Amino acid sequence: MTPSIKLALHGGPPVRRVPMPLRRAMGPAEEHMVAEVLDHYRRIGQDPGYQGPFEDRYTAAFAAKLGGGFADSVATGTAALYVALAALGLPPGSKVLCSPITDPGTLSAIILNGLVPRLMDSEPGSYNIGAGTFAARLAPDVRAAVVVHATGQAVDMDGVMAVARQHGIRVLEDCSQAHGACWKGRPVGTFGDIAAFSTMNRKAHITGGSGGVVFTRDRDLYHMALAHADRGKPVWQEGFDWRNPAQFLFPALNLHTDEISCAIGLASLERLDETIVRRLAYVAGIAGKLRRHSRACTVRPYSPGDSPFIIPVFVDAGMVSCDKMEFAHAVRAEGIDLNPHYEYVAATWPFLAGHLDDDFATPNAARACADSFVLYVNENYGETEVSDTVAALRKVEAHYTGGDAADGQ
Ligand SMILES: Cc1ncc(COP(=O)(O)O)c(C=O)c1O
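Residues numbered from 1 in each chain as written. Predicted model: local features only at pLDDT ≥ 70, side-chain atom pairs only at ≥ 80, totals over all residues. Heavy atoms only, no water.

## Looking at the site of the ligand
Line of reasoning, step 1. Gly 77, Thr 78, Asp 174, Ser 198 and Lys 203 are the nearest of the 15 residues found near the ligand.
Line of reasoning, step 2. Here an oxygen atom of the ligand and a backbone polar atom of Gly 77 are 2.8 Å apart.
Line of reasoning, step 3. Between the ligand and the protein, one listed contact pairs a nitrogen atom with a side-chain N or O atom of Ser 176 at 3.5 Å.
Line of reasoning, step 4. A per-element tally of the shell around the ligand places helix H3 (residues 77-88) first, with 3 residues.
Line of reasoning, step 5. By residue class, the composition of the shell around the ligand is 3 nonpolar, 9 polar and 3 charged. (Near = heavy atom within 4 Å. Polar contact = N/O pair within 3.5 Å; in protein donor to acceptor, adjacent residues only side chain to side chain. Helix = DSSP H or I, 4+ residues; strand = E, 2+ residues; numbered from the N terminus. Nonpolar A, V, L, I, M, F, W, Y, C, P; charged D, E, K, R; others polar.)

## Structural notes on helix H6 (residues 157-166)
Every α-helix winds through 3.6 residues per turn, so residues three or four apart in the chain are directed the same way.
Line of reasoning, step 1. Considered for burial, the residues of H6 that qualify are Met 157, Gly 159, Val 160, Met 161, Val 163 and Ala 164.
Line of reasoning, step 2. If you follow the buried residues of H6, they end up packed against helix H5 (131-135), strand E4 (142-148), strand E5 (170-174) and strand E6 (182-183).
Line of reasoning, step 3. Capping the start of H6 is the job of one residue whose side-chain oxygen sits 3.2 Å from the backbone nitrogen of Asp 158: Asp 156.
Line of reasoning, step 4. Of the residues flanking the end of H6, it is Gly 168, one or two places downstream, whose phi is positive at about 65°. (Buried < 20%, exposed > 50% of the residue type's maximum accessible area, 1.4 Å probe, protein only. Contact = heavy atoms within 4.5 Å.)

## Some words on the packing of aromatic side chains
Line of reasoning, step 1. The tally for this structure, following the rule as stated, stands at 14 aromatic pairs.
Line of reasoning, step 2. Ring plane angle 40° and centroid distance 6.5 Å describe the contact between Tyr 41 and Phe 54, whose orientation is recorded as tilted. Of this pair, Tyr 41 sits in helix H1 (residues 28-43) while Phe 54 sits in helix H2 (residues 53-65), placing them 13 residues apart in sequence.
Line of reasoning, step 3. For the ring pair Tyr 127 and Phe 314, a centre distance of 6.4 Å and an interplane angle of 80° mean the geometry is edge-to-face. Taken together, the residues span a long stretch of sequence, with Tyr 127 in the loop between strand E3 (116-119) and H5 and Phe 314 in strand E11 (residues 310-315) at a distance of 187 residues. Residue Tyr 127 shares its accessibility class with Phe 314, and that shared class is buried.
Line of reasoning, step 4. Joined through ring pairs, the aromatic side chains of Tyr 127, Phe 314, Tyr 342, Tyr 344, Trp 349 and Phe 351 make up one cluster.
Line of reasoning, step 5. The cationic tip of Arg 186 hangs over the ring face of Phe 191; the distance from NZ or CZ to the ring centre is 4.2 Å. (Phe/Tyr/Trp six-rings, centres within 6.5 Å; stacked < 30°, edge-to-face > 60°. Lys NZ or Arg CZ within 6 Å of the ring centre and 35° of its normal.)

Pasting the structure below:
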């Protein structure tokens, strides 16, 4: 046993002195597309607006990537969720099962549609639900479920859909963290009735600073989504007149996006596959090395069909002499980007009091977040970042286990 090197947290030299690589999702290809939009509209003597040729191209490309169907590009991921749920036309007050770990936008979209969220739990040791935890929360009046593919790992959609179909439950997939992910070779977003994606600047593919997409393979649902995204306009109907609100179907907000965002989306979508491959390489590198060289830290395996967004690292509390937070802060002090505690367990948010169907505390989800911190990842992380991350984890582990940090990687 060798004495561990002084932690950066305690004033020692950090493993990594340079910042982790920046992402730069707005690269030259995206800039080029913005120039193309401006050129196009200059040529035709107009200013770029919305629902024009660039949105048509983008939504067609997006739907093609999912194997065919219909897509509508909207202002944000939250708007996509809101519109997708509205399109389902559920009776007011219906209960909607919802994944336990997600963005507040998912819950807000349910509540603001006049529906009642009923939280499901995640599987033990996971941020995601499974068929069993879905089935465990069935109840009378449950009409729909929002299934989040959290952290970029695909949920077992065969299992979930079998339960949902058996009970007549409509399914909205929240794919915001899982662009391009697949379950058994089939893209997420194609299993449920409808899907929503956030395309804000931190997601695997972006439409700029913010954005979202609604996807469905059902033409009628698509039409409802279009109308709910833009003041009730039945744009698909023959003879529709944009300047005649008397034709609009119902009151609805204006949640659509614009031509410049869609052009950015086109460029960003082009490199989604490469983005995923590079991120998977980072996750695989870390997971493999931790399996061989760490006793206290575990990364739940990602499959080649996943699309990593963040990477939970589970710390075995029985093996280390500190709590998870101190461990995570120590790793971060070594120069590794991370979030020491993922605060996205919906059951813990005070603002949901009075809005949820019951006070189910989602114990597995709470435990999973309590036992883990999340590493960030982007497509510019490479071999050096794998080595540095693992070296930092091992150095911190050695310190808090009193063990030795290194016998190669
Ligand atoms: C799972 C999930 N759902 C919904 C959202 C909301 O998306 P947006 O921020 O684009 O409104 C996000 C991300 O922000 C998310 O990660």
